[in-house]
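Inside the fold
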Amino acid sequence: GKILSSTFSMSDLNPRNRNYVSCRIVGAKGQNISIGQCDYLQLWCSTDIKDRSIAYCNFNFDFTVKLEITTDKNNPENLELWCNENNFYLKRGYALDVTGSYRHNCNLFVGGGFENQYGYINLESAAKNRFLHTRLEGIGQIKFGTNSEGNVIERAYFGSTNSLGIIPVTDNGVLNRI
């Protein structure tokens, strides 16, 4: 596995304004990886034979504005590229995108704030992932895409007036639960 670069800026905390990957992890297998702060952190499954998957890792992320799990969009041979069976220990962060050509599955996400009006969880290509102790205070949206199945999000916090509101949820998949 490799970490390709890293930067961080507190100037804008809207994850939708994060267009450039500041840190990319590829090909990690059975590793323990910790990152303090990163604007746009991407776990990327490549068409390179060594880097097609990310699996069996423990990831500890203290602060990410945007976390993305995805696959190489330039995949002419339609290879299976996956991110499966990982444990993600999240602290502060605003957005998660799980996208790509493969249903990334059986990952465990523990913690994670996803707090503020810009925050979101977007599970476009995801199956049987679990989220435990997820704060979701003031989150903007949760979306399950058409290639999403059997994901479970456990909301952990109901202590302030910001956390009592209804979370906008779009579920175009099947058997997803909050």
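Report on the accompanying structure.

Here is what the cut-offs are and how they apply
Residues numbered from 1 in each chain as written. Predicted model: local features only at pLDDT ≥ 70, side-chain atom pairs only at ≥ 80, totals over all residues. Heavy atoms only, no water. Phe/Tyr/Trp six-rings, centres within 6.5 Å; stacked < 30°, edge-to-face > 60°. Helix = DSSP H or I, 4+ residues; strand = E, 2+ residues; numbered from the N terminus. Buried < 20%, exposed > 50% of the residue type's maximum accessible area, 1.4 Å probe, protein only. Lys NZ or Arg CZ within 6 Å of the ring centre and 35° of its normal. Lys, Arg positive; Asp, Glu negative; His and termini not counted. Salt bridge = Lys/Arg side-chain N within 4 Å of Asp/Glu carboxyl O. Contact = heavy atoms within 4.5 Å. Pairing = 2+ DSSP bridges.

Some words on the packing of aromatic side chains
- Applying the stated criterion across every chain yields a total of 7 aromatic pairs.
- Between phenylalanine 63 and tyrosine 94, the ring centres sit 5.8 Å apart and the planes meet at 85°, which makes this aromatic pair edge-to-face. Residue phenylalanine 63 is found in strand E5 (residues 58-71), and its partner tyrosine 94 is found in strand E7 (residues 87-98); the two are separated by 31 residues along the sequence.
- Phenylalanine 63 sits in the buried class, given a relative accessible area of 3%.
- What makes tyrosine 94 buried here is its relative accessible area of 6%.
- Across the ring face of tryptophan 44, the terminal group of arginine 24 is positioned such that the distance to the ring centre comes to 4.2 Å.
- A cation sits over an aromatic face here: arginine 92 above phenylalanine 63, 4.3 Å from the ring centre.

Focus on the side chain of lysine 66
- Assignment of secondary structure puts lysine 66 in strand E5.
- Buried and without a salt bridge, lysine 66 has aspartate 97 as its closest oppositely charged side chain, separated by 4.0 Å.
- When sequence neighbours within four positions are dropped, the list of residues in contact with lysine 66 reads Pro15, Arg18, Asp39, Tyr40, Leu41, Ala95, Asp97 and Tyr120.

What about the pairing of strand E3 (residues 32-45)?
- Most of E3 sits inside the fold, with 10 of its 14 residues counted as buried.
- Here E3 runs beside E5; their pairing, made up of 12 bridges, is parallel. The partner of isoleucine 35 across the bridge, within E5, is phenylalanine 61.

Describing the pattern of salt bridges
- Tallied over the full model, the rule gives 7 salt bridges.
- In this structure, lysine 91 and aspartate 62 form a salt bridge, with 3.0 Å as the shortest nitrogen-oxygen distance. Within this pair, whereas lysine 91 is found in strand E7, its partner aspartate 62 is found in strand E5, the two being separated by 29 residues in sequence.
- When its relative accessible area of 52% is taken as the criterion, lysine 91 is described as exposed.
- With a relative accessible area of 33%, aspartate 62 lands in the partly exposed category.
- Between glutamate 137 and arginine 135 there is a salt bridge; the shortest N-O distance is 3.2 Å.
- On the accessibility criterion, arginine 135 (29% relative accessible area) is partly exposed.
- A network of salt bridges, in which partner residues are shared, links Arg103, Lys128 and Glu149.

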